[in-house]
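Below, each chain spelled out in residue letters.
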Amino acid sequence: MMEVAYVCEWEKRPKSNHCPSIPLVCAWSCRNLVAFTTDLKNEEDEKVSHMVHIIDTEHPWDVYSINSGHAEVISCLEWDQSGSRLLSADGDGQIKCWAMADHLVNSWESSLGSSVDGDPIVALSWLHNGVKLALHVEMSGSTNFGEKFSRVKFSPSLTLFGGKPMEGWLAVTVSGLVTVSLLKPNGQLLTASESLCRLRGRVALADIAFTGGGNIVVAATDGSSSSPVQFYKVCVSVVNEKCRIDTELLPSLFMRCTTDPVRRDKYPAVTHLKFLTRENSEQVLLCASSQMGSIVECWSLRKEGLPVNNIFQHRSPVVGEKQPMILKWRILSATNDLDRVSAVALPKLPISISNTDLKVASETKFCPGLGLALAFHDGSIQILHRLSLHTMGVFYGSSSSSGASQRPGDEPAIKRQRAGGPTVHFKALQFSWTSLALAGVDNHGKLHMIRVSPSMGQMLDMNTLLRHLLFLLEYCMVTGYDWWDVLLHVQPGMVHNLVEKLHEEYMRQNQALQQVLSTRIVAVKASLCKLSSVTAARACDFHAKLLLIAVSSTLKSLLRPHVLNTPDKSPGDRLAEICAKNTDTDIDKVMINLKTEEFVLDGPPLQSLQQLIQWVGDFVLYLMANLPNQGSIVRPGFGFLRDGSSLGMLREMMVMIRIWGLLKPGCLPIYTATSDNQDSMLLLFRLLTKLWLCSRDEGHPQEPDESLIDECCLLPSQLLVPTMDWLPVNDGIICKLQGKYPLRLQFGKPYSLPGLNSAAQVEIFSRSPGSQRMDHLRCLHMGVCPTEESKACTRCGCVTMLRSPNKTNAMKQWEQRWIKNCLCGGLWRRIPSTLS
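The residue numbering used here restarts from 1 in each chain and proceeds along that chain's sequence as written. For this predicted model, a pLDDT threshold of at least 70 governs which residues receive local features, and a threshold of 80 or more governs which side-chain atom pairs are given and counted, while totals over whole chains, interfaces and linings are taken from all residues. Think of the side-chain values as coming from all heavy atoms in the structure, minus any hydrogens and water.

Draft legend 1. Region of interest: the environment of S29. Counting from the N terminus, the helices are the DSSP runs of H or I reaching at least four residues and the strands are the DSSP runs of E reaching at least two. Here S29 is to be found in the loop between strand 2 (26–28) and strand 3 (33–41). Residue contacts are defined here by distance: any two heavy atoms, one from each residue, within 4.5 Å place the two residues in contact. Not counting residues within four places of it along the chain, the set of residues in contact with S29 comprises W79, G83 and W433.

Written out as structure tokens, the structure reads:
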């Protein structure tokens, strides 16, 4: 049900190891970045530094540690909805906003912040942007993504002119203040504070949720289980360039354990208070604790009819009069006495939790998003159903400080004897965005990554398991969230079926949605193929396809219509249409049908794009030369030989490049031919067209005829075939997590165990120590030992130089497209020059 995937520890243990009472905070973003805090003590001056550490889950050792500058212990961490900015708040009322420097996951800086001096922050949240997606488990068998994942009508917390959501954050302090900071479009910060109610009282715990109408609900308690848990409605507005906050008291509740004579004094303190989801202010989870144990209760806000006094029962009702309704908190469920709870994690997957949906989920055995996690002081974790609080799964930690381990699942929990001495337990716990993984920080400052089974221990047949994983991969594709945590559960034998089923589902969508998801699905397929040595070469094909799509759209975007009153179709569309209709193998005859004046460009842009044009030329030559070589071992490039759309794209670019070569011969791809009078582009276009004709009907592809294969066999004797530098084998951790035993990692030390793919590498992957290093985005050679600082993609490993060597606008525009994300959508991280 739950297994440790890896444990990452510090070489020198942080201060938190010696001071377990200091709270640790953890937060997991939708881009699979994990932030957590520790406190480090300087042995010389006894000064404590409050550190924020940020990792991407694929390279956990590459930690970026920030000396936050907070004067007191950090109490809250909160990622924004895009997963690119982080808020941190402390016990002195300071709030800081961290953003990536140069869009690198291992480089962060704080340029914004607000403060409520001396008033500790107990709850923190970004304002809601109005985007809410519902995931319908009951529609998982549907072929339409729009039925599986629907946009829910939800208003932003605050809107600018035109309905655009305004960015900002909201915090609750110990003294009962609510403070709001708004980010104006010009970069300035608008801040205001207001008391939650007229009679301000101490707030020990609080949480923040949002309503569909754009309001904010704050739950607060003074920490005593005998005191009421108060709820407040907060409305934020901007009046005359000033931020205004209005608050209103909502119905409150008393925990049931305080009304139970047996438990009245057993659990004196409320230790955890959380709304079940940030978009549902009507369900709340409460945990009361003592030094010996805890109890958890789940409450729901319901509309109830107000009972009418008997005096008014018999009066004749007014036509249309309805019974008056009031809102009242009712307990949904409660646990029995538990061990002492140390941390709580709630699922982020937005599944509907109505009774019908829960019934469907139990029938389909789809468990992600149904359970919440409780960590205990004995080192164990329990997954409880989010409404009924029934136990769905248990993870038993290790009592030693070496980390957590999984014990046999069939041994009853009651029979386990806990070892004496200090136990490792989790101080902070966070679910991933698909609820298939848990990140936990223990009292020694170690980071644990725990797989959470999608079936929660139920016996599933392979088809059902594949359907669940496919459903979550589709969800990530539609939302743009990172799918790393889904890959944790994909075994090498599942890869081929998942890729095929994903492609089938994608092809059933309408044309508009296919266009939106066209690059994202290729990136998902590439990630999947890297998990198996059998499909590793296909991963190279998918990355090459991403580059091909990007180069094609960039080159086509340079075309301009000759006259201003443009027809319906752009020059790029007309080029694609003519090339699809014209099956002539002579490139010059295809050119005759085009309006060449639309291809007239200035010389400098063409010359600056020569490296991209050269890649297209080399790629076509490599594909054609390797057509006869595709044998039992699947080599990179194999996927293109039956991909009619990609071959058609290459034909279009060859025609475009041929026309540009007439204007600026220097931009043409350079081939090393054995004959001086060899027209290389003419030859390659002819062979490419023949191959395209075999595969353009993707429903009924034909095998290449013998004459084409014979001509391709002669290519190496006519032209020097380049060695294509495919993407490096990813140095991330995901390929090494296929085993059942947790990996031991250390922060700051790259993990060097050979990956899954290295055992069965085809020769195209291997690189000699003296081989040239490539800039995969600019298609440039960087030399054997590059001195330039580089960055690499966290997902696919694509390497490119950090600073641009180009000065022309055309190439700068190309580089700007990938300034934030890689071709595959992954984030960038700075790497040492020796690794590039």
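Draft legend 2. Representation of the confidence of the model for the protein in the model. The pLDDT score gives, residue by residue, the confidence of the prediction method on a 0 to 100 scale. On average, residues of the protein carry a pLDDT of 84, and 88% of them reach 70 or more. The model gives residues 14–21 a pLDDT under 50, and that stretch makes 21 contacts with residues more than four places away or in other chains. Segment residues 399–421: pLDDT under 50, and 38 contacts once partners within four positions in sequence are set aside and those in other chains are kept.

Draft legend 3. Molecular detail of the side chain of S333. Among the structural elements, S333 can be located in strand 23 (residues 325–334). Not counting residues within four places of it along the chain, the set of residues in contact with S333 comprises V296, E297, C298, L387, S388 and L389.

Draft legend 4. Molecular detail of the sheet that holds strand 22 (residues 294–305). What makes two strands pair is DSSP finding at least two bridges between them. Within the open sheet, the four strands sit side by side as 20-21-22-23. Their pairing is antiparallel. This sheet does not close on itself; its edge strands, each paired only once, are strand 20 (269–277) and strand 23. Averaged over all pairs of adjacent strands, the angle between strand axes in this sheet comes to 30°, irrespective of strand direction. Sheet topology places strand 21 (residues 280–289) next to strand 22; seven bridges connect them, and they run antiparallel. Note on definitions: angles span 0 to 180 degrees between N-to-C directions of axes, and those axes are lines fitted to C-alpha atoms, for helices only across the stretch in contact.

Draft legend 5. Layout of the nonpolar core. Only buried residues count toward a nonpolar core, which is a set of Ala, Val, Leu, Ile, Met, Phe, Trp, Tyr and Cys residues joined through side-chain atoms within 4.5 Å. Per-residue accessibility, obtained with a 1.4 Å probe over protein chains only, is compared with the maximum for each type, and a residue is labelled buried under 20%, exposed over 50%, and partly exposed between these values. Counting 143 residues, the largest nonpolar core has L650, V655 and W660 as the members making the most contacts within it. At eleven residues, helix 12 (residues 610–625) tops the list of elements feeding residues into this core. With near-sequence residues (within four places) excluded, L650 lies in contact with L548, V616, F619, V620, L623 and L688. Core analysis: the next-biggest nonpolar cluster, separate from the first, contains 26 residues, V122, V180, V203 and F210 among them.

Draft legend 6. Seen up close, the sheet that holds strand 26 (residues 381–385). Strand order in the open sheet formed by four strands is 24-25-26-27, with antiparallel pairing between adjacent strands. The sheet is open, and its two edges are formed by strand 24 (341–345) and strand 27 (391–395), each paired on a single side. Neighbour-to-neighbour, the strand axes of the sheet open up by a mean angle of 20°, direction not taken into account. Relative to strand 25 (residues 371–376), strand 24 runs antiparallel, the two sharing four bridges.

Draft legend 7. Examining the side chain of S695 more closely. Tracing the sequence through the fold places S695 in helix 14 (residues 680–695). Once residues lying within four places of it in the same chain are set aside, the contact partners of S695 are L641, R642, D643, G644 and L647.

Draft legend 8. Examining helix 12 more closely. Compared with an ideal rise of 1.5 Å per residue, which puts 16 residues at 22 Å, helix 12 spans 22 Å between its outermost C-alpha atoms and is within 8% of the ideal. Most of helix 12 is tucked away: 16 of the 16 residues are buried. Here a helix's expected span is defined as the number of its residues, less one, multiplied by 1.5 Å.

Draft legend 9. Expanded view of the packing of helix 8 (residues 536–557) against helix 13 (residues 644–663). Where helix 8 meets helix 13, the closest approach of the two axes is 10 Å, and the angle between their N-to-C directions is 40°. On the basis of their axis angle, the class for helix 8 and helix 13 is oblique. The element helix 8 and its partner helix 13 pack so that their crossing is left-handed. Contacts between helix 8 and helix 13 involve K545, L548, I549, V551, S552, L555 and K556 on the former and, on the latter, S645, S646, M649, L650, E652, M653, M656 and W660. Only Asp, Glu, Lys and Arg are considered charged, only Ala, Val, Leu, Ile, Met, Phe, Trp, Tyr, Cys and Pro nonpolar, and every remaining residue, Gly among them, polar. Of the residues contributing to the contact of helix 8 with helix 13, the split by class is nine nonpolar, three polar and three charged. Here the angle decides the label: under 35 degrees means roughly parallel, over 145 means roughly antiparallel, 65 to 115 means roughly perpendicular, and every other value means oblique. Rotating anticlockwise by less than a right angle from the far helix to the near helix defines a left-handed crossing, while the corresponding clockwise rotation defines a right-handed one.

Draft legend 10. Main features of unusual backbone geometry. Its identity as a non-glycine residue notwithstanding, N32 has a phi of 60°, on the positive side. As for its position among the elements, N32 is in the loop between strand 2 and strand 3. We note that L389 has phi near 60°; this positive angle belongs to a residue other than glycine. Within the secondary structure, L389 is located in the loop between strand 26 and strand 27. Judged by its relative accessible area of 6%, L389 falls in the buried class.

Draft legend 11. Local environment of the pairing of strand 3. Counting buried positions over the nine residues of strand 3 gives seven, a clear majority of the element. Taken together, the nine bridges between strand 3 and strand 4 (residues 48–56) define a ladder with antiparallel strand orientation. Paired with L40 across the two strands is S49, which belongs to strand 4.

Draft legend 12. Seen up close, the environment of L780. Mapping L780 onto the fold places it in strand 33 (residues 780–783). Residues L780 and W615 lie 165 residues apart in sequence; the distance between their C-alpha atoms is 9.4 Å. Beyond its immediate stretch of four places on either side in the chain, L780 contacts Q611, R773, M774, D775, M801 and P805.

Draft legend 13. Main features of the environment of Q230. Mapped onto the secondary structure, Q230 falls in strand 18 (residues 229–239). When the C-alpha positions of Q230 and F254 are compared, they lie 9.0 Å apart, and in sequence the two are 24 residues distant. Excluding residues within four positions of it along the chain, Q230 makes contact with V218, A219, A220, L249 and S252.

Draft legend 14. Representation of the packing of aromatic side chains within the structure. Pairing of aromatic rings covers Phe, Tyr and Trp, the last counted by its six-membered ring, and requires centre-to-centre distances within 6.5 Å; plane angles under 30 degrees mean stacked, over 60 mean edge-to-face, and any other angle means tilted. Within the structure shown, the criterion is met by 17 aromatic pairs. Centre to centre, the rings of W126 and W169 are 5.8 Å apart; their planes meet at 85°, and the pair counts as edge-to-face. A residue pair is termed long-range when its members are at least 10 positions apart, and W126 in strand 10 (residues 121–126) and W169 in strand 13 (residues 167–173) qualify at 43 residues. Assigned by exposure class, W126 and W169 land together as buried. Taken together, the ring pairs in this structure connect F145, F149, F366, W433, F471, Y475 and Y481 into an aromatic cluster. Geometrically, a charge over a ring is one whose NZ (Lys) or CZ (Arg) sits within 6 Å of the ring centre while staying within 35 degrees of the ring normal. When the ring centre of W483 is taken as reference, the NZ or CZ atom of R795 above it lies at 3.8 Å.

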